[in-house]
Amino acid sequence: MPKTIIFLVAAILLLHPAAFAQKSKVALISDFVTAKQNHHNFNGNVLVAEKGRIIYKKSVGYSDFKTRRPLTDRSVFNLASISKQFTAAAVLLCRERGLLSLDDSLSKYFPEIPYEGITIRQMLTHTSGLPEQNELLYKYWNSDEPAINKDMIGLLIKHKPPAAFKPGEGFKYCNTNYSLLASIVEKVSGQKFQDFMAVNIFKPAGMKQTQILDLGNGYKTIPDLASNYIYDHEKERFSLPKDIPQWKKAIPIGGMVGAGNVYSTAAYLLKWQESLKAEKILSRKVLGEMESPQVKGSVDGSDAYGYGLAIKSIYGDTRVFHYGGTLGYWNSLQHFKNADRTVIVLSNNEGEKGLTNAIAAILFDQEVVLPSAHKEVRLAEDQLSRFVGTYEVNGNFAFAIENRDGKLHRVVKGGDAKELKPESSNKLFYADGTDRQIELVFDGGQAVKRVFFISDGLKTELKKVR
């Protein structure tokens, strides 16, 4: 290579090292997504951005499994509980306009609902103690027509299921809170919730291809809607929920808004994130409230909960995020505030699980293990026995591994035993098809030196205590 070219390459490396580092991260993200597709049936859309600029996006698989219509970057997904942050923003916007106070009581707007002392703030932070609407509807909703918010409120009034705790005395993630918040927005604004959101949230955010479920206006005709699939273990294939007997009853309870049922794309979720930064919806001060810890409470591994958002300190940064899952849709929106990185994964076959976290780890230079195929091997009894024992993480019990009639099982407190299968003399994988493994590292004398739990590509070191 001529010296001038060598000099130029060296100069570029010195001037732009981040560009080369980012390229390798993007390549690893691509490898991980491909491996997730090949070995764990990932089907969905992925988008990664830094400082608002997209550095990676990919559509993987089908929008319709039967016709093999492919997903595209215009494919629309039911965001499920990611929707809660939009509802929280609507409530905060109503407060800014003087339409309500966060210290207003639920009974001010719905005096007939038999739960006293609950405030809007407590509903925003899941500290109200209200009973879960899904349990209520599973038990009492007998119509084939989807239940809507007023139906759920009627069942609360009629059946009066017990509260989980007194208002403000606990934390329990509960969809009822956000359905009621949507109904309060309707009352104070004088508008249908869908209309209020379209004008005051989606339009200023530039989210054109975004809407909320509206059973009266043909939501099933949403252009580019990705059909949702669940794995049917009996038929050993992905099927629509309506074609799987145990999921049929769940379909009619899916008509509520506020807790879920915003439909959008990955690209427009990034628009939403950027509009918040640009103060197009809420002031910086109010957004700070929404994204700040309001209560301690773990939602999907978070440290705290704000308003419609979970919060976690990780990688020297603050992650504000939410997952959303319903009837085959499984999604995640994560934003890292300091690095200004956004990771979005939308799946229509429950395939997101863990992928967003793995991508985030790659962005922050953490070690990941690519998904792979796992094949069971036969081990002698003495080889199996080396896995048996109790394992801790950070001094706390994680799980035990037991040998039950020649088969290893992972056992946790109060949980079902999960069968583990050996794929080598030092590695086990979960027999349930999830991307989880347990790896032993031996010293020269074949004693256990280190132990790792691998979940969706992320490694956590454990300690074997006996």
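Structure: above.
Residues numbered from 1 in each chain as written. Predicted model: local features only at pLDDT ≥ 70, side-chain atom pairs only at ≥ 80, totals over all residues. Heavy atoms only, no water.

1. Points about the packing of aromatic side chains
Basically, it comes down to this: Pairing of aromatic side chains requires ring centres within 6.5 Å, counting the rings of Phe and Tyr and the six-membered ring of Trp. Pairs whose planes differ by under 30 degrees are stacked, by over 60 edge-to-face, and all others tilted. Relative accessibility decides the category of a residue: with a 1.4 Å probe and only protein chains considered, values under 20% of the type maximum give buried, values over 50% give exposed, and everything between is partly exposed. Should the NZ of a Lys or the CZ of an Arg lie within 6 Å of a ring centre and within 35 degrees of the ring normal, that charge is described as sitting over the ring.
On inspection of all chains with the given rule, the structure shows 13 aromatic pairs. Measuring from ring centre to ring centre gives 5.8 Å for Phe 321 and Tyr 323, while their planes differ by 85°; the resulting arrangement is edge-to-face. On the basis of relative accessible area, Phe 321 is assigned to the buried category, the value being 1%. Through a chain of ring-to-ring contacts, three or more aromatic side chains come together here, namely Tyr 62, Phe 65, Tyr 229, Tyr 231 and Phe 238. The ring of Phe 110 is capped by Lys 187, whose NZ or CZ atom sits 4.3 Å from the centre of that ring. Sitting over the ring of Phe 364, Arg 341 keeps its end group 4.6 Å from the ring centre.

2. Some words on the layout of surface pockets
Formally: Put simply, the grid is 1 Å and covers the protein atoms alone, a cavity is a trapped set of points that fit a 1.4 Å probe, a pocket is an open set with protein on both sides within 12 Å along at least five of seven lines, and lining residues have an atom within 4 Å of a point. Grid points are joined across faces, edges and corners, and a volume is the space filled by probe spheres set on the points. Think of it this way: any DSSP run of H or I at least four residues long counts as a helix, any run of E at least two long counts as a strand, and we number them from the N terminus.
Approximately 910 Å³ is the volume attributed to the second largest pocket. When residues of the lining of the second largest pocket are traced back to their parent elements, those giving at least two are β12 (310–314), β13 (317–326), β22 (448–455) and β23 (458–464). Counting residues per element, the lining of the second largest pocket draws most heavily on β23, which supplies four residues.

3. Things to note about the pattern of salt bridges
Here is the rule: What counts as a salt bridge is simple: a side-chain nitrogen of Lys or Arg found within 4 Å of a carboxyl oxygen of Asp or Glu.
Within the structure shown, the criterion is met by 22 salt bridges. Residue Asp 340 pairs with Lys 277 through a salt bridge whose shortest N-O separation is 2.8 Å. A residue pair is termed long-range when its members are at least 10 positions apart, and Asp 340 in the loop between β14 (329–336) and β15 (341–347) and Lys 277 in helix α10 (residues 266–277) qualify at 63 residues. Classification of Asp 340 by relative accessible area gives buried; the value is 14%. For Arg 450, the salt bridge goes to Glu 461, with nearest N and O atoms at 2.7 Å. Taken as a pair, Arg 450 in strand β22 and Glu 461 in strand β23 lie far apart in primary sequence, eleven residues in all. The class for Arg 450 is partly exposed, based on a relative accessible area of 36%. Residues joined in a network through salt bridges with shared partners are Glu 274, Lys 277 and Asp 340.

4. Description of α10
Operational definition: Between the first and last residue of a helix there are one fewer steps than residues, each counted as 1.5 Å, and that sum is the expected span.
Under the 1.5 Å per step criterion, the end-to-end length of α10 is 17 Å for twelve residues, consistent within 8% with the ideal 16 Å. For α10, the complete set of buried residues consists of Ala 266, Tyr 268, Leu 269, Leu 270, Trp 272, Gln 273, Ser 275 and Leu 276.

Nothing here speaks to function; it is geometry throughout.
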